[in-house]
Amino acid sequence: MYHRTRNRLVATVAAAGICALGLTACDSGDSGDTVTDKPKAKASAPASAEETTDDKPAAKKSSTPDVAKVGDTIALKGLEDGSKLDVTVVKVADPAKSSDEFTTPGSGKRFVGVQFKLVNTGTAAYSDSPANGAKVTDTDGQQFQSTFADITAGPSMSSDVHLKPGGKALGWVVFEVPKGSKTDTVQFAMNSGMANQTGEWKLS
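Residues numbered from 1 in each chain as written. Predicted model: local features only at pLDDT ≥ 70, side-chain atom pairs only at ≥ 80, totals over all residues. Heavy atoms only, no water.

**A word on the pattern of salt bridges**
Taken as a whole and assessed by the stated rule, the structure comprises four salt bridges. Between lysine 40 and aspartate 86 there is a salt bridge, and its shortest N-O distance comes to 2.8 Å. In this pair, lysine 40 is assigned in the loop between β1 (34-36) and β2 (73-77) and aspartate 86 in strand β3 (residues 84-96), connecting sequence segments 46 residues apart. Overall, the relative accessible area of 38% leaves lysine 40 in the partly exposed class. Judged by relative accessible area, aspartate 86 falls into the buried class, the value being 13%. (Salt bridge = Lys/Arg side-chain N within 4 Å of Asp/Glu carboxyl O. Helix = DSSP H or I, 4+ residues; strand = E, 2+ residues; numbered from the N terminus. Buried < 20%, exposed > 50% of the residue type's maximum accessible area, 1.4 Å probe, protein only.)

**Some details on the packing of aromatic side chains**
For the coordinates displayed, the defined rule picks out two aromatic pairs. Consider the rings of phenylalanine 116 and phenylalanine 188, whose centres lie 5.5 Å apart with planes at 40 degrees: the pair is tilted. Of this pair, phenylalanine 116 sits in strand β4 (residues 109-120) while phenylalanine 188 sits in strand β10 (residues 183-189), and the two are 72 residues apart along the sequence. Here phenylalanine 116 and phenylalanine 188 have matching classes, each one buried. Between phenylalanine 116 and tryptophan 201, the aromatic rings sit 6.3 Å apart at their centres with planes inclined by 80 degrees, giving edge-to-face as the arrangement. On the criterion of sequence distance, the pair formed by phenylalanine 116 in strand β4 and tryptophan 201 in strand β11 (residues 197-202) is long-range, its members being 85 residues apart. Aromatic ring contacts, followed pair by pair, group Phe116, Phe188 and Trp201 into a single cluster. (Phe/Tyr/Trp six-rings, centres within 6.5 Å; stacked < 30°, edge-to-face > 60°.)

Encoded structure:
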């Protein structure tokens, strides 16, 4: 727990210092904070011979949903020039089971796990503790930050991720949520949550 808290503090201070040391290091193209729930378009399958004729080509169907859900990818920008990620919410485990007998949710609470896939699509190296930039919201509007826990669904996301351009990272981020709460959305932002752009996925 100490190391996770320390990593969160260091990452937050580092992200804040980027803009403080020089405005040119930050993406000045953004006018303010934004939350996007628009997923990237998925590749469409080619039309078959039955779907196309010489005088009537097949209509091209949109493969992009209106709102991002589990399985969708959102393209996000960080604070630094050239800092970009494709972020995918791969799976959700609700409730999630602790992988050991010592780490358990508090009284009246449960673990919820979200598996994220990160792909560095930018020109700059990505270095962060991704769980710091993730949070879930329930249908009542209550928001919950990530917590330190390993679950049986799979390996946790590393607390110290370093990706060169084209690099990938995959792992679970765990949240502690009241048993009576129904999760509604999960959000993710770069730079330990301090980036101007936040991605949002619908869970229910």
